Amino acid sequence: MFNKKECVAMLLAGGQGSRLYALTQKVAKPAVPFGGKYRIIDFPLSNCVNSGIDTVGVLTQYQPLVMNDYIGNGQPWDLDRVHGGVHILAPYQSQTGADWYQGTANAIYQNLSFIERYDPEYVIILSGDHIYKMDYDKMLSFHKEKGAAATIAVINVPIDEASRFGIMFAHEDGQIYDFVEKPPEPKSTLASMGIYIFTYDILKKYLTENEMDESENNSKDFGKDIIPALLRDNQKLYAYRFDGYWKDVGTIDSLWEANMDLINPNIPIDLYDPSWKIYSRNPALPPQVIGKSAKIQNSMVTEGCVIDGTVDFSMLSDGVIIEKDAIVTDSILMPGAVIRSGAKVEYAIIGENSEICDGAHVGRRPEDMPNRDEWGVAVVGQDIKISSGKVVAPKEIISESI
Amino acid sequence: MGTSNMGKVLGLVFANMHDSTVKDLTKARTMGSILFGGRYRMIDFPLSNFVNSGISTVGVITKYNYQSLIDHLGTGREWDLSRKKGGLYLLPPFSNVESKLYRGRLEALYGVLNFIKSVHAEYVLMSDCDVVANIDYKPVLSAHIQSGADITCITHTGQYNTELIKSSTVLSIDSNNVVKDVLIGSNLSGVCTLSLNMFIIKKNFLVDLVQTAIAQGRYSFERDILQSKLGELKIVAYEYSGYFKKIYSEKSYFEANMDLLNIDNCKELFTLRRPIYTKVRDNAPSKYGLNSHVANSLVADGCVIDGTVENSVLFRGVNIGKGVTVKNAILMQDTIIGDGSKVQNVITDKNVSIANDRTLISSDDYPMFIGKGASV
């Protein structure tokens, strides 16, 4: 077939991201700004194009407006192709009815006709809430070499964090013999990264069978239903070990940490490597203007920023304004955030286009807390104004102007 | 859009005009591809101004050294000029067997006359690449139509130094903005009205003017049309009063870059309503390390700064090592300053690399220039 592709990527970007609270009120999780000039989805999309995968279906469902607008025709990622390219796949109405995506497996099932158009040998399933740089082509070679039905990318996690993940049990050669979703007492540290490569015929068979299963405990989910079904049938399931940087950014704390990781010279994620660029949609803003009273250290700053205050250990997105005598430390400022003269922002995430007025104080340093247990990152949502002199306590999440 | 005439305008950019005024910078490139303001090239200003004014058919006239320009422009997509109808046309010299390297604007136009004739347009708007400005051409065209002018010249009036005036065409105008006198290379000083070498003219009329002039062996638009035909033609000035800087020497290039350190100038030039577009390089944000100290500077993305930077312009991908001091400098794309070096009053071209512990200090009134790809 003219349009044939060896491997098609399906990117699950429908996640509401409810654990990001105020930050996902207006956008889906994968569209949350990250790392100064990116959105979370830039990482899997850039990985795809850098790995030679030029056909990507992006499955959206929750708050799709910003995401659709952001992805557009895919040009920023070089995914505007004559054949293939990036396609937004929203739930649609068919003759048999209209359904929201009910689970990750169901979302792919509803879009089998998209995949079929490219007649692929393999399908790679990705999620839109992880920060990492990975060559999917190497994983695909591994999958082919093993003659696997499915290959799951895994990473070693600390044993005390293992209960948050799907945990694999694999033989020396990588073949998986058991899998437990979020075990309370984990006995292995091989965590699923939520990246699956399937041989397409097998994927189609299992998705179709899963769809027929009308039992109540079918959640139509890869981790809960599809992978266990493959194991039950003794299909060849392999774990592909990844040892680079990988971080789930599904919570306020992990989002904050992952941003801070980019600033930390000891953390191995390099955004300055010309051979593996992370692409993003460019806002056409002028260079950053650093004023006479500015003091910036240990921070990342991008285009359109105007900085005249003090910035330390912080991540500043495009168009951020920090006035003279404003102090920003250990914080993430999303696009268009404005910190007025005399305001103080510590250990906080400030959402898009929000304004922190004179004398307001957002967040606190953990060492300034009488009780450390009450400490946490403070969050100000999108389009919010914190008026003069107001205080936002640590851990507090502000979703309306005060 | 139905009421706007901007769709009937062909934009023409002269990429090589005035190359000789900044010889160091144009050694391997055109005036239009000179890097400016941290992340731009000079041609970004006329192209963005055209596009923001609703002009979507643009021809770029080149002469030589245009490889860097071709790289920069690509398909024109970054300026939204990759179109099915109209879009960006790169017009190299030698478009027909008789054409030769042009001597002036009229010969340059003659070389691309077939292109001009073939474009569906009623008006032509010409611009060079030596002016840094953010101009809305819509009111200029309206004024041109309303005044019934044969040619409208965009002007800027102010107090300028003699060198700038000498490099420009100076107009004297009456109370109705009609041009009464045209001076080229004059020794005037004080307040005067400069032509920005941006002209609006009816397409068919321009074609006639060019054909007649070439038949008579004339090639200078300024001398042989504006000056010589002042009595016959109605030439009207349109005053642009926004941000304006002209590049007419290396010193003026240095000063124009430094002028953007004033935030008010920056805001006026890069107004959000009419963005200046440029080629996207997909650099990561800039990283300010421990012990970095940056003040009064313009910094593009992709820089890694571990030293002190003051009163300087850093282009994309510049690397400032530990213990470095950079003052009053323009460091173009991918310049590397090694640990412990001191750099003052210096312009480095692209990909310049300065080793550790070097001192490069020039005088305040004349910046040192270090050519493309040099290692010090």
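Now for a look at the structure at hand. Since this is a predicted model, take the numbers as computed values, not measurements.

## Considerations on the pairing of strand β10 (residues 179-184) of chain B
Residues and elements named next belong to chain B.
Next, step 1: Note that strand β9 (residues 169-173) and β10 share five bridges and pair antiparallel. Bridge pairing links S172 to D181 in β10.
Next, step 2: Between β9 and β10, which pair antiparallel and follow one another directly, the connecting turn spans five residues, one of which, N177, has a positive phi of 70°.

## Thoughts on the pattern of salt bridges
All names here are of chain A.
Next, step 1: For the coordinates displayed, the defined rule picks out 33 salt bridges over all chains.
Next, step 2: Measuring nitrogen to oxygen at the nearest pair gives 3.0 Å for the salt bridge that ties K220 to E211.
Next, step 3: Assessed through its relative accessible area of 14%, K220 is described here as buried.
Next, step 4: Residue class for E211 comes out buried when judged on its relative accessible area of 18%.
Next, step 5: Put simply, R365 and E367 hold a salt bridge, and the shortest N to O gap is 3.4 Å.
Next, step 6: In the salt-bridge network here, residues are joined through shared partners; they are K5, D54, D78 and R81.

## Here's the deal with the sheet that holds strand β29 (residues 361-362) of chain A
Residue and element names in this part refer to chain A.
Next, step 1: The six strands lie next to each other as β17-β20-β23-β26-β29-β32, forming an open sheet whose pairing is parallel. The sheet terminates laterally at β17 (295-297) and β32 (391-392), the two strands that pair on one side only.
Next, step 2: With three bridges joining them, strand β20 (residues 310-312) and strand β23 (residues 327-329) adopt parallel strand pairing. Residue pairing for β23: D312 is matched across the bridge by T329.

## Thoughts on helix α5 (residues 136-146) of chain A
All names here are of chain A.
Next, step 1: Looking at α5, one finds that the buried residues are Y136, M139, L140, F142 and H143. Axial view of α5: buried residues confined to an arc of 155°, hence all on one face. Exposed side chains of α5 directed beyond 90 degrees from the buried face belong to K138 and E145.
Next, step 2: Taking the backbone nitrogen of D137 as reference, a side-chain oxygen 2.9 Å away marks D135 as the first, capping residue of α5.

What counts, and at which threshold
- Residues numbered from 1 in each chain as written.
- Chains lettered and ligands numbered in written order.
- Predicted model: local features only at pLDDT ≥ 70, side-chain atom pairs only at ≥ 80, totals over all residues.
- Heavy atoms only, no water.
- Pairing = 2+ DSSP bridges.
- Helix = DSSP H or I, 4+ residues; strand = E, 2+ residues; numbered from the N terminus.
- Salt bridge = Lys/Arg side-chain N within 4 Å of Asp/Glu carboxyl O.
- Buried < 20%, exposed > 50% of the residue type's maximum accessible area, 1.4 Å probe, protein only.
- Arc of directions from axis to C-beta.
- Polar contact = N/O pair within 3.5 Å; in protein donor to acceptor, adjacent residues only side chain to side chain.

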